[in-house]
Amino acid sequence: MLGLPGQVKVCLFDLDGVLTDTAAVHAAAWKEMFDEFLRAHAAATGTVFVPFDRHAEYDAHVDGKPRPDGVRDFLLSRGITLPEGHPDDPPGLQTVNGLGNQKNVAVLRRIRDDGVRVFEGSRRYLQAAKAAGLRRVVVSSSANTGEVLEVTGLAALVEHRIDGVTIRATGLRGKPAPDTFLAGAKWCGVEPSEAVVFEDALAGVQAGRAGAFGYVVGVDRVGQAEQLKLQGADIVVTDLADLIDQEGPRG
C-alpha cells in the first residue's frame, strides 16, 4: 500500500513543506532579508522600492534551492547582480553569500522563538514507511536540517540526510538538478527507478523528474497542484496521510 509502485524500496523526503511547516518560516525569513536589502538598494539608486513577494517570487526563484542560488536567482530577476563573496561572509555583507547568511540568521531566530510544526500526516507516513521496511532519507537544501529533525523528533524515523551541509562539503548541485536526490538513492544502494521523491517545491519536483526516479509525489501546501503536475509530479496530494491506505499504481 502507501500509494507507491511495487518496485519502490527507498523514500526520499524533502523537509521544508513536506515533513515540516518550516517552508512558511523560510519564506518569512527570505522576505525579511530581501526587503531590507531592496529598501537600501532603492534608496542608493533612486529607484522605487518593490517588496519581495513571499508567495510568487519565493515559489519562482527561491523555494527548494540552496541559499546562494536563491539569492542569486531572485536578484537576477530584479536585474541586480552582486559579487559571490565567500561562504563565511558576515551576515548582511553586500554579496550573494552575505545576504544568504543574513537570511539564515533570521530563520534560526524564528525557529528558536516560534518552534517548528510537523505535519502529523507526514509523521504517520514516515512511521508507516518504516514499518513497511522502506528506506527513508531526507533530502533538503537547508543547512539546518539536522537541527530541525532533532527538535521535531523526526530524526528517529529517518536513516540519513543529504542537506545543505552535504551540498557545501561535496559540491553537489542543488535542486532543480537531481544530484542531491541521486546521492540519497546511492547511499541506500538502489537505482533511481527504485526510489520515490516527495516534494512540495517546483524546483524539487523538477529534480525528481530530471533524475528519472521511479515515482514523484508532489505535496501541495499552497494551491499549486497544477504547477506541480506540469513540472513532472506523478501524483499530487495535500497530505502524505492520503497515501497511507492507497494502493500504488500498476504497471
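Now for a look at the structure at hand.

Conventions adopted
- Residues numbered from 1 in each chain as written.
- Predicted model: local features only at pLDDT ≥ 70, side-chain atom pairs only at ≥ 80, totals over all residues.
- Heavy atoms only, no water.
- Axes fitted to C-alpha atoms, helices over the stretch in contact; angles between N-to-C directions.
- Helix = DSSP H or I, 4+ residues; strand = E, 2+ residues; numbered from the N terminus.
- Parallel < 35°, antiparallel > 145°, perpendicular 65-115°, else oblique.
- Left-handed = near helix turned anticlockwise from the far one by under 90°.
- Contact = heavy atoms within 4.5 Å.
- Nonpolar A, V, L, I, M, F, W, Y, C, P; charged D, E, K, R; others polar.
- 1 Å grid on protein atoms, 1.4 Å probe; cavity = no way out; pocket = protein on both sides within 12 Å on 5 of 7 lines; lining within 4 Å.
- Points joined across faces, edges and corners; volume = space filled by probe spheres on them.

Considering the packing of helix H3 (residues 67-77) against helix H4 (residues 96-114)
Between H3 and H4, the shortest axis-to-axis distance is 9 Å and the interhelical angle comes to 115°. With respect to their mutual orientation, H3 and H4 come out roughly perpendicular. Relative to H4, H3 is oriented so that their crossing is right-handed. Contacts between H3 and H4 involve Arg-67, Pro-68, Val-71, Arg-72 and Leu-75 on the former and, on the latter, Val-96, Asn-97, Leu-99, Gly-100, Asn-101, Lys-103 and Asn-104. Taken together, the residues that form the contact of H3 with H4 break down as 5 nonpolar, 4 polar and 3 charged.

Regarding the layout of surface pockets
Reported here for the largest pocket is a volume of approximately 350 Å³. Lining the largest pocket are 16 residues, with Arg-67, Pro-68, Asn-97, Gly-164 and Arg-168 positioned closest to its centre. For the lining of the largest pocket, the secondary-structure elements that each account for two or more residues are H3, H4 and helix H7 (164-170). Partitioning the lining of the largest pocket into residue classes produces 7 nonpolar, 5 polar and 4 charged. Counted as a void, the second largest pocket has a volume near 290 Å³. Along the wall of the second largest pocket there are 16 residues; nearest its centre are Ala-23, Ala-24, Tyr-58, Asp-59 and Val-222. Of all the secondary structure elements, the ones that give two or more residues to the lining of the second largest pocket are helix H1 (22-45) and helix H2 (56-62). Element by element, the count of residues in the lining of the second largest pocket is highest for H1, at 3 residues.

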